[in-house]
Each structure stands twice: as structure tokens, then as C-alpha cells.
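The lines below spell out each chain.
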Amino acid sequence: MLSSPISWVVGIPEQFDQIRQQLPTGVRLIAVSKQFPAQAIREAYEAGLRDFGENRIQEAQAKIPQLADLDGVTWHLIGSLQRNKVRPALECFDWIHSVDSLELAERISALIPQVGRRPKLLLQVKLAEDPTKSGWSEAELEEALPALAGLSDLDIRGLMAIAPFGQSAEETADLFKRVKQLALKIAHRAGLSGWERIRMEELSMGMSGDYPLAVQAGTTMVRLGQALFGSRPLQRRMTNE
Ligand SMILES: *Cc1c(COP(=O)(O)O)cnc(C)c1O
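Residues numbered from 1 in each chain as written. Predicted model: local features only at pLDDT ≥ 70, side-chain atom pairs only at ≥ 80, totals over all residues. Heavy atoms only, no water.

*Asks:* Give me helix H1 (residues 12–22): which residues, what numbers.
*Replies:* Those residues of H1 not exposed but buried are Ile12, Phe16 and Ile19. Axial view of H1: buried residues confined to an arc of 75°, hence all on one face. Across from the buried face of H1, at angles greater than 90 degrees, the exposed residues are Glu14, Gln18 and Gln21. Check the buried side of H1 and you find it contacts strand S1 (28–32), helix H2 (38–46), helix H8 (211–216), strand S8 (221–224) and helix H9 (226–229). (Buried < 20%, exposed > 50% of the residue type's maximum accessible area, 1.4 Å probe, protein only. Helix = DSSP H or I, 4+ residues; strand = E, 2+ residues; numbered from the N terminus. Arc of directions from axis to C-beta. Contact = heavy atoms within 4.5 Å.)

Shown next as C-alpha cells:
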């Protein structure tokens, strides 16, 4: 008798259904699969998920080839990207959510023709004090926009934000609203200036702990790890010790 494979992720189909029902149509659910093995992604795929988020290049490089047989998967880089990892990032990912400096944008623009892939980009903003996260302040981004608009080959689609850990729900809701306002402001300016490579159609906001607030603020993408997969293996190991 064949033994059934060990399931990494119990309850993904149920969690997925529940979350899907809470999300308006048009909000893209990105399953954050960091620290979970390829097999967990395969199970999530079987449950119907198609968008997966990873935060480390090396981990993605190891997992993505194991899943090459899955049709129609979209890979999202959600973790910060170092300049020396841009080439593999372009090779692996369809979306990069973490463009957080002009230097990084310039590097991406320079390597796109060489690599021959053009992922969609989001600009990571930081509208609240958070020493643990990178991202543009509103003033920095406003200042960088003309230079960003001049970089050929970039396909900028919107903004990404992470709420600082430990904020109140009110503060987080306010933060998400300000990100949305900033996107509208940039879209307006891009329209007036004829910046065709800067579009503001997408917002990537909301994680397991705060995604309903992001949905209320009008996000178009949520990045959910634990709400779908349960606690991450590293954390599991720590709690089991
Ligand atoms: C890990 C991570 C997530 C998912 O976090 P959960 O709390 O597991 O939903 C979302 N966005 C980013 C940038 C992350 O690093």
C-alpha cells in the first residue's frame, strides 16, 4: 500500500476559501511562501493559489526550479533587494515589490536588457518611522520621480508598504490611507508630466495581521503568509524547543 505523502500545510484549502471570501474581487492574494518548502507551494497551488511571494533570492533560486512544472505561477519578490542580487532577481521574479532607492532602480534598468526579462515593479514607501524597514519617504520619492521616469525599460506599477510592527489598528489604517493618497498624487503628477513608465494601478499592502485594513484602504494586493500556511517553520522550530 502506498503511504500518503506528509502534508506540510494542513488546512490550506480551507484557509484559502475563507480569505478569498473576505477579499473583494480584483484584490490579488499573494501567498507568502518564504521558509516553506517547495512541497508546501505545490499544495497551495493545488488549492488554487497562483501568486507566491518570497523574500530571499537564494531561497527562491532553490525552490522555483523545483516547481517549473506548475503552469501559470507568478513569483513576487517582497523582501529587500541588494544591488548585487539584481540579476538573479530579474531571472526569478515577475514582480519586484521592494524597489526602495534610485540606485536600485538604475541597476534594474541597466540589467533588464541584458537579462531579457522585465518584471513589474512597485516602489516601497515608508510613511511611518520604522528603523527595521527600508523605503522611500514621501519627500524622497517626490524628488526621485523625474529621474525614475527617465529610466528606460522600467515598468513601475504602484506602491508597496509594510505597517510598522506594534502599531495600533488606527495607526495602521491611517498609514494605508496615506499610501493610497500618495499613489493618487503620483498618478496625477505622472499624467501631467507624461511619465508613461510610472503607473499607479497597484498597491501592495496588508499582511496576515492587518490585511482587512489594507482592503478597506483600497489595496489591490495582499501578502499573506501565516494566515494561509500557519506559522513559519523557523518559528515552529523555536516554539517546539
Ligand atoms: C513575511 C512577509 C509577509 C507575510 O507576513 P505574514 O505575517 O506571514 O502574513 C508579507 N510581506 C512581507 C514584506 C514579508 O516579509
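*Asks:* Tell me about the packing of aromatic side chains, residues and numbers included.
*Replies:* A complete count under the given rule lists 2 aromatic pairs for this structure. Aromatic pair phenylalanine 36 and phenylalanine 229: ring centres 4.8 Å apart, planes at 25°, arrangement stacked. Here phenylalanine 229 lies in helix H9 and phenylalanine 36 lies in the loop between S1 and H2, a separation of 193 residues in the sequence. When its relative accessible area of 1% is taken as the criterion, phenylalanine 36 is described as buried. What makes phenylalanine 229 buried here is its relative accessible area of 3%. (Phe/Tyr/Trp six-rings, centres within 6.5 Å; stacked < 30°, edge-to-face > 60°.)

*Asks:* Tell me about the environment of glutamine 58, residues and numbers included.
*Replies:* Here glutamine 58 is to be found in helix H3 (residues 57–63). Taking the C-alpha atoms as reference points, glutamine 58 and tryptophan 75, separated by 17 residues in sequence, lie 14 Å from one another.

*Asks:* Hey, could you go over the site of the ligand for me, with residue numbers and the actual values?
*Replies:* Taken together, Val32, Lys34, Ile78, Ile162, Met207, Ser208, Arg223, Leu224, Gly225, Gln226 and Arg232 make up all the residues around the ligand. A distance of 2.5 Å separates an oxygen atom of the ligand from a polar side-chain atom of serine 208. The contact in question runs from an oxygen atom of the ligand to an N or O atom on the backbone of glycine 225, over 2.9 Å. Against a free-state accessible area of 390 Å², the protein chains account for coverage of 89% of the ligand. Split into classes, the residues belonging to the shell around the ligand amount to 5 nonpolar, 3 polar and 3 charged. (Near = heavy atom within 4 Å. Polar contact = N/O pair within 3.5 Å; in protein donor to acceptor, adjacent residues only side chain to side chain. Areas by Shrake-Rupley, 256 points an atom, 1.4 Å probe, with all protein chains shown as cover. Nonpolar A, V, L, I, M, F, W, Y, C, P; charged D, E, K, R; others polar.)

*Asks:* An account of the environment of phenylalanine 16 is requested, with residue identities and associated values reported.
*Replies:* When you line up the elements, phenylalanine 16 lands in helix H1. Residue class for phenylalanine 16 comes out buried when judged on its relative accessible area of 10%. Put simply, phenylalanine 16 and lysine 85 are 69 residues apart on the chain and 32 Å apart in space, counted from C-alpha to C-alpha.

*Asks:* How would you sum up unusual backbone geometry? Please name residues and give values.
*Replies:* Located in the positive-phi region is glutamine 35, a residue other than glycine, with phi close to 70°. Note that glutamine 35 resides in the loop between S1 and H2. Given the relative accessible area of 28%, glutamine 35 is considered partly exposed. Unusually for a residue other than glycine, aspartate 153 sits at a positive phi of about 80°. If you trace the backbone, aspartate 153 turns up in the loop between helix H6 (138–149) and strand S6 (156–161).

*Asks:* With reference to specific residues and values, describe the pattern of salt bridges.
*Replies:* With the rule as written, the count across this model stands at 14 salt bridges. The residue arginine 56 makes a salt bridge to glutamate 59 at a minimum N-O spacing of 3.9 Å. With a relative accessible area of 45%, arginine 56 lands in the partly exposed category. A residue is classified by how much of its surface remains accessible, and glutamate 59, at 16% relative accessible area, is buried. For glutamate 142, the salt bridge is made with lysine 185, and the minimal N-O distance between the two is 3.4 Å. Placement of the pair is glutamate 142 in helix H6 and lysine 185 in helix H7 (residues 169–193), with a sequence separation of 43 residues. Under the relative-accessibility criterion, lysine 185 is labelled partly exposed at 44%. (Salt bridge = Lys/Arg side-chain N within 4 Å of Asp/Glu carboxyl O.)

*Asks:* Residue-level account of the pairing of S6, with values.
*Replies:* By the criterion of burial, S6 is predominantly enclosed, with 6 of the 6 residues buried. Looking at chain direction, strand S5 (residues 120–125) and S6 are connected through 5 bridges and run parallel. Bridging across to S6, leucine 122 finds its partner in glycine 158. Crossover connection from S5 via H6 to parallel S6: handedness right-handed. Pairing geometry for S6 and strand S7 (residues 198–204), over 4 bridges, is parallel. Residue pairing for S7: leucine 159 is matched across the bridge by leucine 203. As for the winding sense of the linkage, the β-α-β connection from S6 through H7 to S7 is right-handed. (Pairing = 2+ DSSP bridges. Right-handed = clockwise from strand over helix to strand, strands pointing away.)

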